[in-house]
Amino acid sequence: MGRTHRSGILLAAAFTVALAAAQSPATVWDGVYSDQQSARGATLYLTACASCHGDKMQGKGQMPALSGSDFVMNWDGMNVGDLFDKIQTSMPADKPGTLSREQNASLVAYILSANKFPAGKADLSSDAERLRQIRFQAAPAK
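Residues numbered from 1 in each chain as written. Predicted model: local features only at pLDDT ≥ 70, side-chain atom pairs only at ≥ 80, totals over all residues. Heavy atoms only, no water.

## Let's talk about the nonpolar core
The biggest cluster of nonpolar side chains holds 30 residues, and the ones touching the most others in it are Y45, F71, L83, V108, L112, L124 and F136. Contributions of two or more residues to this core are made by helix 2 (35-48), helix 4 (69-75), helix 5 (80-90) and helix 6 (101-114). The biggest single contributor to this core is helix 6, with 7 residues. With near-sequence residues (within four places) excluded, L112 lies in contact with V28, V32, Y33, F117 and F136. (Core = buried A, V, L, I, M, F, W, Y, C linked by side-chain atoms within 4.5 Å. Buried < 20%, exposed > 50% of the residue type's maximum accessible area, 1.4 Å probe, protein only. Helix = DSSP H or I, 4+ residues; strand = E, 2+ residues; numbered from the N terminus. Contact = heavy atoms within 4.5 Å.)

Have a look at this one:
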């Protein structure tokens, strides 16, 4: 096998690996929200969510916890858009749909932070299509 042929094969293999990485969906382990956005979500959570879900996201009565292993396992395999849509259309329970898309993105960022998913440099998008591209994954890929 000639040197040019081997170089071509190596280049094609590298391109295939790079293309696969670019096409693989992001996960909650990829730093999809910023610390600043999570802080905005924490403030909003206290005024819009804590009365039903508890001050520490532990859940109250019929309202589920928004942090912890049960929460993470319930959302495992879904996408962040699913969580965002649920909040957007049904929360707060006493005034569903009254929060803006940006406010709901901040709440999702805070929920991700509370569940120990890492922050990144950019805010989580409030665009539904982009949020559907982020997989909710209970554990990081190995």
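## Examining helix 5
For helix 5, every residue scored as buried is listed here: V80, G81, L83, F84, I87 and Q88. Seen from one end, helix 5 has its buried residues packed into an arc of 160°, which puts them on one side. Of the surrounding secondary structure, the elements contacted by the buried residues of helix 5 are helix 4, helix 6, helix 7 (128-131) and strand 2 (134-135). At the N-terminal boundary of helix 5, the capping side chain belongs to N79, with an oxygen 2.9 Å from the backbone nitrogen of G81. (Arc of directions from axis to C-beta. Polar contact = N/O pair within 3.5 Å; in protein donor to acceptor, adjacent residues only side chain to side chain.)

## Some remarks on the side chain of N115
Note that N115 resides in the loop between helix 6 and helix 7. By relative accessible area, N115 is classed as buried at 10%. At 2.8 Å, the side chain of N115 and the backbone oxygen of I111 are in polar contact. Apart from the residues within four sequence positions on either side, N115 is in contact with L66, S67, G68, F71 and V72.

## Some details on the pattern of salt bridges
Scanning all chains against the criterion turns up 3 salt bridges. R132 is the partner of D85 in a salt bridge, and the nearest nitrogen-oxygen pair spans 3.5 Å. In this pair, D85 sits in helix 5 while R132 sits in the loop between helix 7 and strand 2, placing the two residues 47 residues apart along the sequence. The class for D85 is partly exposed, based on a relative accessible area of 27%. (Salt bridge = Lys/Arg side-chain N within 4 Å of Asp/Glu carboxyl O.)

## Some remarks on the side chain of S38
Mapped onto the fold, S38 is located in helix 2. Residues within four places of S38 in sequence aside, it is in contact with Y33, A109, Y110 and S113.

## Some words on helix 6
With 14 residues, helix 6 extends 20 Å between its outermost C-alpha atoms, agreeing within 8% with the 20 Å of an ideal straight helix rising 1.5 Å per residue. When we look at burial in helix 6, the residues that qualify are N104, A105, S106, L107, V108, A109, Y110, I111 and L112. Residues of helix 6 that are buried sit in contact with helix 2, helix 4 and helix 5. Phi for K116, located one or two positions after helix 6, is positive at around 70°. (Expected span 1.5 Å × (residues − 1).)

## Considering the confidence of the model for the protein
Looking at the protein as a whole, its pLDDT mean stands at 88, while 83% of the residues score no less than 70. The low-confidence segment residues 10-22, where pLDDT is below 50, has 0 contacts with residues more than four positions distant or belonging to other chains. (pLDDT = per-residue confidence, 0-100.)

## Notes on the layout of surface pockets
Put simply, the largest pocket is a space of about 370 Å³. Among the secondary structure elements, those contributing two or more residues to the lining of the largest pocket are helix 2, helix 3 (50-53), helix 4, helix 5 and helix 6. Considering each element in turn, the lining of the largest pocket owes the most residues, 4 residues, to helix 4. The class makeup of the residues in the lining of the largest pocket is 17 nonpolar, 3 polar and 2 charged. (1 Å grid on protein atoms, 1.4 Å probe; cavity = no way out; pocket = protein on both sides within 12 Å on 5 of 7 lines; lining within 4 Å. Points joined across faces, edges and corners; volume = space filled by probe spheres on them. Nonpolar A, V, L, I, M, F, W, Y, C, P; charged D, E, K, R; others polar.)

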